[in-house]
Amino acid sequence: MKTTTFLGSALAAALSVNGLPSVNSRAVNDDLVEPQSLVDMIEAAKAQVIADVASKETEMRKRGVEPTCTVSKLKFRREYGDLTRAQRLAYVNAVKCLMALPPRTPADVAPGATSRFDDFIVVHIQRTMDVHFTGNFQPWHRWYLHQYEKALREECGYTGVSPYWDWPKYAAAPQDSPIFNGDEYSLGGNGEYIPGHPGQLLAPPPGVVGEIVQLPPGLGGGEVKTGPFANMTITLGPVAGIPNVPPGPMGGLGMNPRKLKRDVGPGVNMMYANYTSVLHMLSQPNIDAYRFVLEGIPHTTLLGPHGGGHFTIGGDPGGDVFISPGDPAFYLHHGNVDRMWAVWQALGGHSASNARYTDLGSGEYAHITWTNSPPSRLAELTDVLDMGHAAESTTIGNVMSTTGGELCYFYL
């Protein structure tokens, strides 16, 4: 694995673009107030996407071709707290439906998979080392979320949109947010509070060299006892990263029943997934710099907003990168990861001449192995995004735009 010195220098350089301050030099209050410049960026991105879709629609119809994505068909994903109670309840019920359907993954592949919901955990376990800190990281998860939403729609009758979690909006008290407050419209409450419990210990995945990192504790740590997913049973994993929980059989694919735990709290959220860090990301000039800010440096305290969101949830399975989709909140977190990328792409201008819709980068995270270790080739647009038994696969090139191919959505 490459040393963290090189990556640290690259991240510091990325943070200095446009004179932005380093992560540790800013006032905490600034992190919790949405800057007008960020509001303007997001609105500009939305306007650009709508204009692009309208332009393509007109151009294709002039050629006698019916466009797949049109302004009237464009769906807008919304922040979970902005949904009505009825909309949140419909989403929760669809997720519960997916948990009640039988798996498609063969039992000899993953004996621990007991539902359609688990199919998505299985493929994430199988592909973790191939789809993180790699050139396909964002495209793979974009398609993964789309296929998860498709399953909710086609198999469970869901008619709404995939919601997302706007990390900075609730950073001061994420445990009290509509996502984690434990009411019937939430995704379940926090874990029961365990006094004096330590924060998450982050250990490198098996076979990867790196530091063990101690994070600040949240305000839970125990089992989730409130809300729609109270007393939920997890059967897959863990693979790595859950303190005091032995690894599950068959590399996490075997049967290992236990209860959902969370450790939600402001410590990690305020540190890594705040308004300033989001503004840092969207201000980056190229995909390599953008991804260093988003993902930070693995196995160090420079988590970035991606890791910050995951470890704000924490617990089991949320604290293990391999099985993190076992917590229903995963999909809202990665909804915001996708939202940030989609906004950043649109800020590059008209899609026809915007390299952000084709460039996968050339840095440490642009290859086909985790941080390019062992050394490997760069990811390519023709590379397959493998969904295993969970869903159909596609190529990177088909998902580089949220309004191209099968996709037709953006974010409010």
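I would appreciate a short explanation of the side chain of Asn269 in the present structure.
Counting through the fold element by element, Asn269 comes out in helix α7 (residues 266–272). Under the relative-accessibility criterion, Asn269 is labelled buried at 0%. Excluding residues that lie within four positions of it along the chain, Asn269 makes contacts with Trp165, Trp167, Tyr170, Ala171, Pro174, Asn274 and Thr312.

It is not clear to me how the nonpolar core should be interpreted in this structure. Could you clarify?
Burial of nonpolar side chains together is a common tendency in soluble globular proteins. One finds Tyr91, Tyr144, Tyr148, Leu187 and Tyr331 to be the most contacted residues of the largest nonpolar core, which totals 89 residues. Only α3 (36–62), α4 (85–100), α5 (116–127), α6 (137–156), α8 (275–282), α9 (287–295), α11 (330–346) and β10 (409–411) provide two or more residues apiece to this core. For this core, the element with the most residues is α11, which contributes 10 residues. Every residue in contact with Tyr144, bar those within four places of it in the chain, is listed here: Phe120, Ile121, Val123, His124, Pro325, Phe330, Tyr331 and Met387. Of all hydrophobic cores here, the second largest spans seven residues; its members include Val213, Leu215, Tyr272 and Phe311.

Looking at this structure, I do not really get α9. What am I missing?
Because each turn of an α-helix spans 3.6 residues, side chains separated by three or four positions in sequence point in the same direction. Most of α9 is tucked away, with eight of its nine residues classed as buried. Turning to α9, its buried residues number three or more, namely Ile287, Ala289, Tyr290, Arg291, Phe292, Val293, Leu294 and Glu295. Residue Asn286 occupies the N-cap position of α9, its side-chain oxygen lying 3.1 Å from the main-chain nitrogen of Asp288. Following α9 by one or two positions, Gly296 adopts a phi angle in the positive range, close to 60°.

Hey, could you run me through the state of the cysteines in this one?
Each disulfide is one covalent bond, formed between the sulfur atoms of two cysteines. A complete count under the given rule lists two disulfides for this structure. In this model Cys97 forms its disulfide with Cys156; the gap between the sulfur atoms is 2.1 Å. In this structure, the disulfide formed by Cys97 and Cys156 twists by about -85° around the S-S bond and is classed as left-handed. Within this pair, whereas Cys97 is found in helix α4, its partner Cys156 is found in helix α6, the two being separated by 59 residues in sequence. With a relative accessible area of 22%, Cys97 lands in the partly exposed category. Among the residues examined, Cys156 registers a relative accessible area of 18% and is labelled buried.

Rules behind the numbers
Residues numbered from 1 in each chain as written. Predicted model: local features only at pLDDT ≥ 70, side-chain atom pairs only at ≥ 80, totals over all residues. Heavy atoms only, no water. Helix = DSSP H or I, 4+ residues; strand = E, 2+ residues; numbered from the N terminus. Buried < 20%, exposed > 50% of the residue type's maximum accessible area, 1.4 Å probe, protein only. Contact = heavy atoms within 4.5 Å. Core = buried A, V, L, I, M, F, W, Y, C linked by side-chain atoms within 4.5 Å. Polar contact = N/O pair within 3.5 Å; in protein donor to acceptor, adjacent residues only side chain to side chain. Disulfide = S-S within 2.5 Å.

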